[in-house]
Amino acid sequence: MFYNRLNMSYNLSDINDIHTHHDYDDNTVYVKNIQLKELLADAYISELDDASARTNKLLSIGVHPWEIKDYSEETIFSSIDRLFPTLLLHPKVFAIGECGLDKSISTDLDLQKSIFNRQIELSEQYQKPMILHVVRAYNEIIEFRKKHKPEQPWIIHGFNSNEIIAKKLIETGCFLSININKLLTEKLQHTIQHIPTEFILNETDTIEYAKHTL
């Protein structure tokens, strides 16, 4: 299993909820997502303070594809370059994400790729895993893995595709994040039964994407 080398206390297999937007009151080890709008509003400061006070709370920071339309390209890249290097050194910031590619939205795919690429660079530089939002773009994600040959694991959030895609992703160093407490589709049940369990992580933020296909 992969470790975050800048924070050796945490192993992927130790995390009970790899991607969520809420806090736990028990001892569940979880990664809470902080979006760009929260970073720009300085809302991350209270989250860092809270995470520092808890042994079980970790954070992820990233630019979600859905957020790109809300900001200028200059604002997004300047925010990444200004905020991420400092925050990624914080011991409770475990991963970069959500980030990724979404071909079901109107945002230019090349711009999505450019922003995603910058976050890949930071993932490798600061040795942080990535939590990915992927819609209709699994092939592109696989190509990115082959092209960059990253050392850090990529976690496919809300995975809901078939066994063939799952195995291709795993072969390139990806993990699959699934809300295993929800009723799973027959296709997803079949997929889970035919891939190694060590590549499946639990989350509580799964959204049922009607168009979550290739």
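Residues numbered from 1 in each chain as written. Predicted model: local features only at pLDDT ≥ 70, side-chain atom pairs only at ≥ 80, totals over all residues. Heavy atoms only, no water.

Draft legend 1. Spatial organisation of the overall build of the chain. Across its full length, the chain holds seven helices and eight strands. For the chain, the spread of C-alpha atoms along the three principal axes comes to 40 × 40 × 30 Å. Relative to its full complement of 214 residues, the chain shows a buried share of 55%. A sequence separation of at least 24 residues applies to 71% of the contacts in the chain between residues at least 6 apart. Put simply, the chain shows about 9,800 Å² of open surface, and 49% of that area lies on carbon and sulfur atoms. When the 22 positive and 31 negative side-chain charges of the chain are each reduced to one mean point, those points stand 4 Å apart. (Helix = DSSP H or I, 4+ residues; strand = E, 2+ residues; numbered from the N terminus. Buried < 20%, exposed > 50% of the residue type's maximum accessible area, 1.4 Å probe, protein only. Contact = heavy atoms within 4.5 Å. Areas by Shrake-Rupley, 256 points an atom, 1.4 Å probe, with all protein chains shown as cover. Lys, Arg positive; Asp, Glu negative; His and termini not counted. Charge placed at Lys NZ, Arg CZ, Asp CG, Glu CD.)

Draft legend 2. Main features of the pairing of strand 7 (residues 174-178). Most of strand 7 is tucked away: five of the five residues are buried. The side-chain alternation of strand 7 yields two buried faces, one formed by Cys-174, Leu-176 and Ile-178 and the other by Phe-175 and Ser-177. You can see the chain leave strand 6 (residues 154-157), run along helix 6 (residues 163-171) and come back into strand 7, and the turn it takes is right-handed. Judged from the three bridges that link them, strand 7 and strand 8 (residues 200-202) form a sheet pairing that is parallel. (Right-handed = clockwise from strand over helix to strand, strands pointing away. Pairing = 2+ DSSP bridges.)

Draft legend 3. The pattern of salt bridges, seen in detail. The final tally for this structure, using the stated rule, is eleven salt bridges. Glu-140 serves as the salt-bridge partner of Lys-103, at 2.8 Å between the closest nitrogen and oxygen. Of the two residues, Lys-103 sits in the loop between strand 4 (93-102) and helix 4 (109-126) while Glu-140 sits in helix 5 (residues 138-148), which places them 37 residues apart along the sequence. You can call Glu-140 buried: its relative accessible area is 17%. When the shortest N-O distance is used, the salt bridge between Glu-163 and Lys-167 registers 2.8 Å. (Salt bridge = Lys/Arg side-chain N within 4 Å of Asp/Glu carboxyl O.)

Draft legend 4. Examining the packing of aromatic side chains more closely. Summed over the entire model, instances satisfying the criterion amount to five aromatic pairs. Their ring planes at 70° and their centres at 5.6 Å tell us that Phe-116 and Trp-154 sit as a pair that is edge-to-face. Of the two residues, Phe-116 is situated in helix 4 and Trp-154 in strand 6; the sequence distance between them amounts to 38 residues. Note on accessibility: Phe-116 and Trp-154 belong to one class, buried. Note on Tyr-138 and Phe-159: the rings are 5.5 Å apart at their centroids and 55° apart in plane angle, and the pair reads as tilted. With Tyr-138 in helix 5 and Phe-159 in the loop between strand 6 and helix 6, this residue pair connects regions lying 21 residues apart in the sequence. With respect to burial, Tyr-138 and Phe-159 carry one shared label: buried. One aromatic cluster is present, formed by Phe-116, Phe-144 and Trp-154 through successive ring pairs. The cationic tip of Arg-145 hangs over the ring face of Trp-154; the distance from NZ or CZ to the ring centre is 4.7 Å. (Phe/Tyr/Trp six-rings, centres within 6.5 Å; stacked < 30°, edge-to-face > 60°. Lys NZ or Arg CZ within 6 Å of the ring centre and 35° of its normal.)

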